[in-house]
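# A structural walkthrough
So the chains spell out like this:
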Amino acid sequence: MKSKVISIFLIAILCLNASAQRKKVKKDEQPEGYKFTTVVSLKTTPVKNQSRTGTCWCFATTSFFESELIRMGKGEYDLSEMFIVRNNYIDRLQDNYLRRGRGNLGPGSLAHDWNEVFSEYGMVPEEVYTGINYDSETHNHSELQAFINAIAEIPVKRKHRSDEYYELVDAVLDTYLGEIPSSFNYKGQTFTPQSFASNLGINMDDYVEITSFNHFPFYEKGEIEVHDNWRHEDMYNVPIDDIIKIMDYALENGYTVDWDGDVSEKGFSHTNGVAINPDVTKTEDFSETDRARFEDMSTAERLEEVYKFEKPFPEADVTQEKRQEGYEKFVTTDDHLMHVTGIVKDQNGTKYYITKNSWGTTRNKFGGYLNMSVSYVKAKVIFIMVHKDAVPDDIRDKLGI
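Structure report, in brief. The structure displayed is predicted, hence computed values, not measured ones. (Residues numbered from 1 in each chain as written. Predicted model: local features only at pLDDT ≥ 70, side-chain atom pairs only at ≥ 80, totals over all residues. Heavy atoms only, no water.)

### Details of the overall build of the protein chain
Across its full length, the protein chain carries 13 helices and 13 strands. Going through the 401 residues of the protein chain one by one, you find that 51% of them count as buried. Considering only contacts in the protein chain between residues 6 or more positions apart, those separated by 24 or more positions represent 77%. When the accessible surface of the protein chain is summed, it comes to about 19,600 Å², and 49% of that surface belongs to carbon and sulfur atoms. (Helix = DSSP H or I, 4+ residues; strand = E, 2+ residues; numbered from the N terminus. Buried < 20%, exposed > 50% of the residue type's maximum accessible area, 1.4 Å probe, protein only. Contact = heavy atoms within 4.5 Å. Areas by Shrake-Rupley, 256 points an atom, 1.4 Å probe, with all protein chains shown as cover.)

### Section: unusual backbone geometry
Positive phi, normally seen in glycine, also occurs at Lys159, with a value near 60°. Examined against the element boundaries, Lys159 turns out to sit in the loop between α5 (142–158) and α6 (163–177). You can call Lys159 exposed: its relative accessible area is 71%. Even without being a glycine, Phe330 presents a positive backbone phi close to 60°. Of the residues examined, Phe330 reaches a relative accessible area of 69% and is grouped as exposed.

### Some points on the pattern of salt bridges
Pairing of side chains with opposite charge becomes possible as their charged atoms draw close. Within the structure shown, the criterion is met by 19 salt bridges. Across the pair Glu126 and Lys48 runs a salt bridge whose closest N-O atoms are separated by 3.8 Å. Linking Glu126 in the loop between α4 (111–121) and α5 with Lys48 in the loop between β1 (37–41) and α2 (56–71), this pair joins segments that are 78 residues apart in sequence. Residue Glu126 is classed as buried on the basis of its relative accessible area, which comes to 16%. (Salt bridge = Lys/Arg side-chain N within 4 Å of Asp/Glu carboxyl O.)

### Some details on the nonpolar core
The biggest cluster of nonpolar side chains holds 55 residues, and the ones touching the most others in it are Trp114, Met123, Phe196 and Leu200. Those elements that provide at least two residues to this core are α2, α3 (81–98), α4, α5, α6, β2 (184–186), α7 (193–200) and β13 (381–387). Residues Ile210, Ile240, Trp259 and Trp359 belong to the second largest nonpolar core, which totals 36 residues. (Core = buried A, V, L, I, M, F, W, Y, C linked by side-chain atoms within 4.5 Å.)

### As for the layout of surface pockets
Empty pockets left among the atoms are what a rolling probe the size of a water molecule brings to light. By volume, the largest pocket amounts to about 510 Å³. What lines the largest pocket is a set of 23 residues, and nearest its centre among them are Glu265, Asn277, Lys322, Ala379 and Lys380. Counting residues per element, the ones that place at least two in the lining of the largest pocket are α10 (299–305), α11 (320–328) and α12 (374–380). The element contributing the most residues to the lining of the largest pocket is α11, with 4 residues. Its residues assigned to classes, the lining of the largest pocket comprises 9 nonpolar, 5 polar and 9 charged. (1 Å grid on protein atoms, 1.4 Å probe; cavity = no way out; pocket = protein on both sides within 12 Å on 5 of 7 lines; lining within 4 Å. Points joined across faces, edges and corners; volume = space filled by probe spheres on them. Nonpolar A, V, L, I, M, F, W, Y, C, P; charged D, E, K, R; others polar.)

### Describing the environment of Leu200
Its place among the elements puts Leu200 in helix α7. As for Leu200 and Lys74, which are separated by 126 residues in sequence, their C-alpha atoms are 7.4 Å apart. Contacts of Leu200, omitting those with residues within four sequence positions, involve Leu69, Met72, Lys74, Tyr77, Leu79, Phe118 and Met123.

### Thoughts on empty space enclosed by the protein
Under the counting rule described, the total for this entry stands at 2 cavities of 30 Å³ or more. By volume, the largest cavity is sized at about 110 Å³. Element by element, the count of residues in the lining of the largest cavity is highest for α2, at 4 residues. For the lining of the largest cavity, the residue count by class is 6 nonpolar, 5 polar and 4 charged. Here the second largest cavity defines a volume of roughly 30 Å³. Trp57, Val85, Asn88, Tyr89, Arg92 and Pro107 are the residues that line the second largest cavity.

### Describing the pairing of strand β4 (residues 207–211)
Burial analysis of β4 places 5 of its 5 residues in the buried class, which makes it a mostly covered element. Across the two faces of β4 the burial is the same, with Tyr207, Glu209 and Thr211 and Val208 and Ile210 all buried. Note that β4 and β13 share 5 bridges and pair antiparallel. Bridged to Glu209 within β13 is Met385. Bridge count for β4 against strand β6 (residues 234–237) is 2 bridges, and the pairing is parallel. Bridge pairing in β6 links Ile210 to Tyr236. (Pairing = 2+ DSSP bridges.)

If you want it as structure tokens, here you go:
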């Protein structure tokens, strides 16, 4: 009887040890996720929140130029996004009227719209013009946009813009965004918007927009046909590999990048702080358990699982033809502008771009930043804007800049 008890006890001990080993293995196999090592990280200003507006173009480009001022040794500035937005409305209302009501009155624009407003109207600091003149702690342009749309119809129907029309436009913009001061005091000096802009020392002729599509020649200029290019500006066109070369050269030499592209893909996850271009057919890179699990999933389910894996997910190989196909099938769209401020690599050595978003600091645990993979950028970039000195010499020579 005693030997039987001892045997049962020994079996129990062995079972507990085996269970502990299984638990240890399971713990050791917990997902490692994406682990990043910083390669380049350039100085920028704090993340802001565009909130309920379609003004990412302005927030990204303002951030870009704030970093430019830091790079130029001018110090750190907090520039007013809404000063640019307000004056941009004046320009697009003019464009809409001359196009007989067929212009783009929506809130979206592109990087060059910032440059145009800066050159024509100047600039003011955020503390001088916050652009919130209504009962809200954050930006909300839903009602403002409705009034802009309504006011714009009248002169088109009447084929005439009266003095009262201009007064109404100013009244609406003043009501929601505030009146623009003709002069203001800043750090002990008196400025006008024009003199303040001049004092910053930014030369808009130094900045170039560069895209990458097949339907007009490389190393020449052409117009991208996105809705927000309402000024019909031309951009330099280069192969997609040159876009990556420019971004790398810029960041490695102290220049940040203003980035426009598509963020509507499931591979873009602001919450997870990663934008990737997953290839769900490349499950051969994973364990037998992972492959078996994937074989039982639909494509949509697979994409939902991307960020649950224990290592970076395999990504698609992007060719010039493949990105052109996405553009021409309207899969790759002009959604969002963001500010690229550095480079990181994951545990596999894959390169990503540190990207400053304009959705505030609380919508993810990374303070409003995310990392975009090279594959994602190659597939989904619409264009970039950089200082012309941030373009490698061989590409500059081909572009003639």
